[in-house]
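Inside the fold
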Amino acid sequence: MTEWFSSLNVQVQDAVLVIGIATLTNVACALLGCYLVLRRMSLLGDALSHAVLPGLIVAFILAGSMNIVYMFAGALAVGLLTTFLTQAVHRQGNVPADAAIGVVFTSLFALGVILIKRYGQGVDLDPDCVLYGQIDLVEFYTVSLGGFEVPRALVSIAPVLALNVAVILLLWKELKISAFDPALATTMGINADRLFYLLMALVALTTVASFEQVGSILVIAMLIVPGATAQLLTDRLSRMMLIAAGVGVVSAVLGYVLSLAWNVSAAGPMAVVAGGCYAAAALASPRYGILSALVRNAQTSLRIVREDLLAMLYRLEELHIERRLGPREATQAVGAGVLAELGLRSLLRRGELARGERGLELTERGRRRAAELVRSHRLWEAYLVEHLGLAADHVHDPAERMEHFIDARLQEQIVADLSNAQQDPHGREIPAGP
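This write-up is about the structure you can find in this document. These numbers were taken from a predicted model, which means no experiment stands behind them.

**Observations concerning the overall build of the protein chain**
- Counting secondary structure elements, the protein chain contains 19 helices and 4 strands.
- The C-alpha atoms of the protein chain give a radius of gyration of 32 Å, which is well past the 22 Å a tight globule of 434 residues would have.
- Projected onto the principal axes, the alpha-carbon positions of the protein chain cover approximately 95 × 55 × 35 Å.
- A total of 434 residues make up the protein chain; the buried ones form 45% of that total.

Written out as structure tokens, the structure is:
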């Protein structure tokens, strides 16, 4: 491995280091971010990424160096303090959770900024590094490990990622239940509060380990966006974590490529790519995407238009009207427009309507479907009059809407509750069921 890496030219070595460390960072953040998203506590991840700043500064001032152990200790202490204060303000002060987070993290972050300005000039602590990271310079900051010079960032983030994975695997069931329903977890004997503080401790450790790579501002994106993206694509936690990790990997690779093209720091493009992944998921997610919702709404509207056409022609047959409607008259009767045209063509294609010499005619298949709709309509009218006491002349409009959503099982339940399921409130026969 070492020989292979040494055989690469300098540019490729730099790319491998940046992408590799960014991938570890993004995946470490993304795995924990899934729990934050599920708990609807994404803002707490944002708060921790800011609020640990004074802990880092105090640790630096006390230790006199950027020793990674002191940095982790300072971040962990302030991270847990942030979580405790947030919960205390929320529960004891009867303040909404989001307001409590905002109060605590802005106060601590402001304290961290003051400490940087107060002591940063004398102790070589660069605010830009804290805010934006220095992932493009990882090859210049190394530590000796086993006789090899390895990037300091790798030494800090790799153990944290391993710790995150180990805790998730060991406490998979407990974390899963407490993430979806903390109250249920407590009733099952799981200490949800202890798991919550454990999760926040991991978030604080991951945040400080990520500082050097992506900075306190951009780490927010990696904590929240991959998990939020994955949630749009699946309802299973295991798949959600795999997808979130995949978003982190894609963000690292494409972000680095874009940083070269745009000649900017890699951290920014990585966050932009993650945001692009979220936008794509929000647009095209099969279940929760905007396009999917538009398609489902269009399909529902088209189905209702088709059913309105069938029910209208069925009622005309009941009245024994000899004259048949033509295509133009039929589509105008259900509102005209593109949907009406598409609905009519669909019924003709499905074989539920046919073009006769005198106009449109129901086929046997279409007549059976129309009878089901009219049966649902009239049963619901009868139910509204008998059980809700509505006047007979006030039940047509609600039944017109409900008829499209009453299935055979609900029909049976309505029939069981009616004293007369043979006639509707207007004296018309209710078609027999299948």
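Back to the write-up after that little detour.
**Points about unusual backbone geometry**
- Backbone geometry places Arg-40, a non-glycine residue, at a positive phi of 55°.
- Locating Arg-40 in the fold gives a position in the loop between helix H2 (10–38) and helix H3 (42–51).
- Although it is not a glycine, His-320 adopts a positive phi angle of roughly 55°.
- Inspection of the secondary structure assignment puts His-320 in the loop between helix H14 (290–318) and helix H15 (327–333).
- For His-320, a relative accessible area of 67% translates into the label exposed.

**What to know about the pairing of strand E2 (residues 148–151)**
- The sheet contact formed by strand E1 (residues 142–145) and E2 spans 4 bridges and is antiparallel. Looking at the pairing, Leu-145 lines up with Phe-148 of E2.

**Brief notes about the state of the cysteines**
- Taken as a whole and assessed by the stated rule, the structure comprises 0 disulfides.
- Free of any disulfide, Cys-277 has its nearest neighbouring cysteine sulfur in Cys-34, separated by 14 Å.

**Some thoughts on a nonpolar patch on the surface**
- Together, Val-249, Val-250, Val-253, Leu-254 and Val-257 line one region of the surface with nonpolar side chains, adding up to about 350 Å² of accessible area.
- Structurally, Val-253 can be placed in helix H12 (residues 237–262).

**Let's talk about the side chain of Ser-210**
- Its location among the elements puts Ser-210 in helix H11 (residues 192–233).
- Look at Ser-210 and you get buried, because its relative accessible area is 0%.
- Here the side chain of Ser-210 touches Thr-206 through a polar contact of 2.6 Å, landing on its backbone oxygen.
- Other than its neighbours up to four places away in sequence, Ser-210 contacts Thr-25, Cys-29, Ile-157, Gly-215 and Val-219.

**What to know about helix H16 (residues 337–350)**
- Spanning 14 residues, H16 covers 20 Å between terminal C-alpha atoms, matching the ideal 20 Å at 1.5 Å per step.
- Close packing links the buried residues of H16 with H14, H15, strand E3 (353–355) and strand E4 (360–362).
- In the segment just after H16, Gly-351 is the residue with positive phi, at about 80°.

**Looking at the environment of Ala-293**
- Examined against the element boundaries, Ala-293 turns out to sit in helix H14.
- Judged by its relative accessible area of 25%, Ala-293 is partly exposed.

**Concerning the pattern of salt bridges**
- Applying the stated criterion across every chain yields a total of 13 salt bridges.
- Arg-369 is paired through a salt bridge with Glu-372; the nearest N and O atoms lie 3.1 Å apart. Taken as a pair, Arg-369 and Glu-372 lie in helix H17 (residues 364–388) at a separation of 3 residues, close to a single helical turn.
- The partner of Arg-428 in a salt bridge is Glu-381, with the nearest N and O atoms 3.5 Å apart.

**Quick look at the side chain of Thr-234**
- Along the chain, the position of Thr-234 falls in the loop between H11 and H12.
- Among the polar contacts made by the side chain of Thr-234, one reaches the main-chain amide nitrogen of Arg-236 at a distance of 3.1 Å.
- Not counting residues within four places of it along the chain, the set of residues in contact with Thr-234 comprises Arg-239, Met-240 and Ile-243.

**Looking at the environment of His-377**
- Mapped onto the secondary structure, His-377 falls in helix H17.
- Linking His-377 and Asp-424, residues 47 residues apart in sequence, is a C-alpha distance of 9.1 Å.
- Those residues in contact with His-377 that lie beyond four places of it in its chain are Arg-315, His-396, Ala-399, Glu-400 and Glu-403.

**Quick word on the packing of aromatic side chains**
- With the rule as written, the count across this model stands at 2 aromatic pairs.
- With a centroid separation of 5.5 Å and 70° between ring planes, the pair formed by Phe-196 and Tyr-197 is classed as edge-to-face.
- The exposure class assigned to Phe-196 is buried, which follows from its relative accessible area of 7%.
- Look at Tyr-197 and you get partly exposed, because its relative accessible area is 28%.
- Residues Trp-380 and Tyr-383 carry aromatic rings whose centres are separated by 5.4 Å and whose planes lie at 10° to one another, so their mutual orientation is stacked. Highlighted residues: Trp-380 and Tyr-383, both in helix H17, separated by 3 residues, approximately one helical turn.

Criteria and cut-off values
- Residues numbered from 1 in each chain as written.
- Predicted model: local features only at pLDDT ≥ 70, side-chain atom pairs only at ≥ 80, totals over all residues.
- Heavy atoms only, no water.
- Helix = DSSP H or I, 4+ residues; strand = E, 2+ residues; numbered from the N terminus.
- Rg over C-alpha atoms; globule rule 2.2 N^0.38 Å.
- Buried < 20%, exposed > 50% of the residue type's maximum accessible area, 1.4 Å probe, protein only.
- Pairing = 2+ DSSP bridges.
- Disulfide = S-S within 2.5 Å.
- Patch = residues over 30% accessible without salt bridge, like charges linked within 9 Å, V, L, I, M, F, W, Y side chains within 5 Å.
- Areas by Shrake-Rupley, 256 points an atom, 1.4 Å probe, with all protein chains shown as cover.
- Salt bridge = Lys/Arg side-chain N within 4 Å of Asp/Glu carboxyl O.
- Polar contact = N/O pair within 3.5 Å; in protein donor to acceptor, adjacent residues only side chain to side chain.
- Contact = heavy atoms within 4.5 Å.
- Expected span 1.5 Å × (residues − 1).
- Phe/Tyr/Trp six-rings, centres within 6.5 Å; stacked < 30°, edge-to-face > 60°.

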